[in-house]
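Observations on the three-dimensional arrangement
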Amino acid sequence: MDEVRLAEFLSEKSGKPVQVVDWRRVASSYSRVNYAVVTTVGRFIVRIQQGDAPVSSASDEFQLMQSLAAASFPVPKPRWSEPTGNVLGRPFVIMEHLDARPVDEQAVDQAAATAFVATLARLHRVDAASQLPAVDPAQATHIQIERWRAVGKSVGGPRVPVLDAVEIWLHQNAPLDNKVALVHGAPRPGNILMADGEFIALTDWETAHIGNPAEDWSYNLATRVPVASRQLWLNLFEREASFRLSTAQWTYWDAFNMYKAACINRVCLALFESGADYTPAQAIAGTAEYHGFLRRLMKVIE
């Protein structure tokens, strides 16, 4: 983090002299690195793009967050966007730092779980047409399959026959209901912020798109929830959001999200091996988690 350049940028945007008092890296993913920054004009989260995978840009994420905030959907208040990469070497978004904490995904209590479900249901009721460009409902899922195919293949390397086979299976078995909504793309309890037991905001919008809302409902189940807890979440979805799917439909969307996660995992490993992001989480995602998803996907298509 170049705190001098960041201070100059903030001074220009705020119209007053700004100094960066402190900063620390707080999280990273395959496409973003987050820094908590303390300045003389307030506290901020700086989200910097990383890697070369074809992902939504920082400016697109910023515009969506602005639009959601204007629609009174709870997101951290977006302040500024730098799309060129001339300030910190990569494009970035700055948003206000909220006095709230992400949910501990190892200990999700009833209040957090209920807030998570209610927030997803609320998101899917947002007027999608006012947030993102329209998509042909019949093609929405196919577009996302190709999106994640491009992400996975962006790192190069040898073909992965399992992923190739799953890609074909997903296209051939895509649902015909053509339901579309504003979809977060990677919702999990750790992406909601809470304070004193109350929901504050939903974060991390780089994967948002117009798609089938079932993709969101499945994501956490397919990628993070232990099998023993799955039925508890399904019951919560039905009770709090009146959302239910058949066994075959859950199988499809779980496979979709495991395919998505495996493609992302390939990028995580490339970031770690290149030294661009040497955090242990990237190494784990690119090895143990990646191979775990491949094994589960093989059972789906065999």
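Reference entry: report on the structure contained in this document.

Definitions and limits used
- Residues numbered from 1 in each chain as written.
- Predicted model: local features only at pLDDT ≥ 70, side-chain atom pairs only at ≥ 80, totals over all residues.
- Heavy atoms only, no water.
- Helix = DSSP H or I, 4+ residues; strand = E, 2+ residues; numbered from the N terminus.
- Rg over C-alpha atoms; globule rule 2.2 N^0.38 Å.
- Buried < 20%, exposed > 50% of the residue type's maximum accessible area, 1.4 Å probe, protein only.
- Contact = heavy atoms within 4.5 Å.
- Areas by Shrake-Rupley, 256 points an atom, 1.4 Å probe, with all protein chains shown as cover.
- Lys, Arg positive; Asp, Glu negative; His and termini not counted.
- Charge placed at Lys NZ, Arg CZ, Asp CG, Glu CD.
- Axes fitted to C-alpha atoms, helices over the stretch in contact; angles between N-to-C directions.
- Parallel < 35°, antiparallel > 145°, perpendicular 65-115°, else oblique.
- Left-handed = near helix turned anticlockwise from the far one by under 90°.
- Nonpolar A, V, L, I, M, F, W, Y, C, P; charged D, E, K, R; others polar.
- Expected span 1.5 Å × (residues − 1).
- Polar contact = N/O pair within 3.5 Å; in protein donor to acceptor, adjacent residues only side chain to side chain.
- Pairing = 2+ DSSP bridges.
- Core = buried A, V, L, I, M, F, W, Y, C linked by side-chain atoms within 4.5 Å.

1. So, the overall build of the protein
Each helix and strand counted, the protein has nine helices and 10 strands in total. Relative to its length of 302 residues, the protein is compact, with a C-alpha radius of gyration of 19 Å against a globular reference of 19 Å. The burial tally for the protein puts 50% of its 302 residues in the buried class. Across the protein, the fraction of contacts at a sequence separation of at least 24, relative to all contacts at a separation of at least 6, is 70%. Accessible area of the protein: about 14300 Å², with a carbon and sulfur share of 52%. Taking the 29 positively charged and 33 negatively charged side chains of the protein as two groups, their mean positions are separated by 2 Å.

2. Details of the packing of helix α4 (residues 140-153) against helix α8 (residues 247-274)
Where α4 meets α8, the axes come as close as 7 Å, and the angle between the chain directions of the two elements is 25°. In this view, α4 runs roughly parallel relative to α8, as classed from their interaxial angle. Where α4 crosses over α8, the two elements pack in a sense that is left-handed. Two secondary-structure elements touch here, α4 through T141, Q144, I145, W148, R149, V151 and G152 and α8 through Y252, W253, F256, Y259, K260, C263, I264, R266 and V267. Looking at side-chain class alone, the contact of α4 with α8 contains 10 nonpolar, three polar and three charged residues.

3. With respect to helix α3 (residues 110-124)
End to end, α3 covers 22 Å across 15 residues, agreeing with the expected 21 Å (1.5 Å per residue, within 8%). All of the buried residues in α3 are A112, A113, A115, F116, V117, T119, L120, A121, L123 and H124. Looking at the packing, one finds that the buried side of α3 touches β7 (181-183), β8 (192-195), β9 (198-202), α6 (214-223) and α7 (230-241). Looking at where α3 begins, the residue whose side-chain oxygen comes 3.3 Å from the main-chain nitrogen of A111 is D109.

4. Quick word on the pairing of strand β4 (residues 78-82)
For β4, the buried fraction is high: four of the five residues fall into the buried class. The pairing of β4 with strand β5 (residues 92-96) spans four bridges and is classified as antiparallel. The partner of S81 across the bridge, within β5, is V93.

5. Notes on the nonpolar core
Ranked by size, the top nonpolar core spans 67 residues in total, and within it L170, W205 and W233 carry the most contacts. Sort the elements by how many residues they give to this core and α8 lands first, with 14 residues. Those residues in contact with W233 that sit more than four places away from it in its chain are V108, A113, F116, V117, P189, N220, L221 and V225.

6. Observations regarding the sheet that holds strand β2 (residues 32-39)
With respect to topology, five strands assemble into an open sheet ordered β1-β2-β3-β5-β4, the strand pairing being antiparallel. With partners counted over all chains shown, the strands left at the sheet margins are β1 (20-28) and β4, one partner each. Averaged over all pairs of adjacent strands, the angle between their axes in this sheet comes to 20°, without regard to strand direction. Against the sheet, helix α1 (residues 3-14) touches β1, β2, β3 (42-49), β4 and β5, its axis set at about 120° to β4. Along the sheet face, helix α2 (residues 58-70) touches β2, β3, β4 and β5 and points at about 160° away from the line of β4.

7. A closer look at unusual backbone geometry
Of note in the backbone geometry, D196 takes a positive phi value of approximately 55° without being a glycine. The topology assignment puts D196 in the loop between β8 and β9. Residue class for D196 comes out exposed when judged on its relative accessible area of 82%. A positive phi angle, near 60°, is found at D204, a position not held by glycine. With respect to the helices and strands, the residue D204 is situated in the loop between β9 and β10 (209-211).

8. Remarks on the pairing of β8
On any regular strand, side chains alternate: one points to one face of the sheet, the next to the other face. As judged from the two bridges shared by strand β6 (residues 101-102) and β8, these two strands associate in the antiparallel manner. Bridging from a neighbouring strand, R101 pairs with M194 of β8. Note: β8 against β9, four bridges, orientation antiparallel. From the neighbouring strand, L193 faces β9, where its bridge partner is A201. Hairpin connection from β8 to β9: two residues lie between these consecutive antiparallel strands, with D196 at a positive phi of about 55°.

9. Concerning the environment of L64
Relative to the helices and strands, L64 is located in helix α2. Taking the C-alpha atoms as reference, L64 lies 28 Å from R244; in sequence the two are 180 residues apart. With near-sequence residues (within four places) excluded, L64 lies in contact with Q131, L132, W205 and A208.

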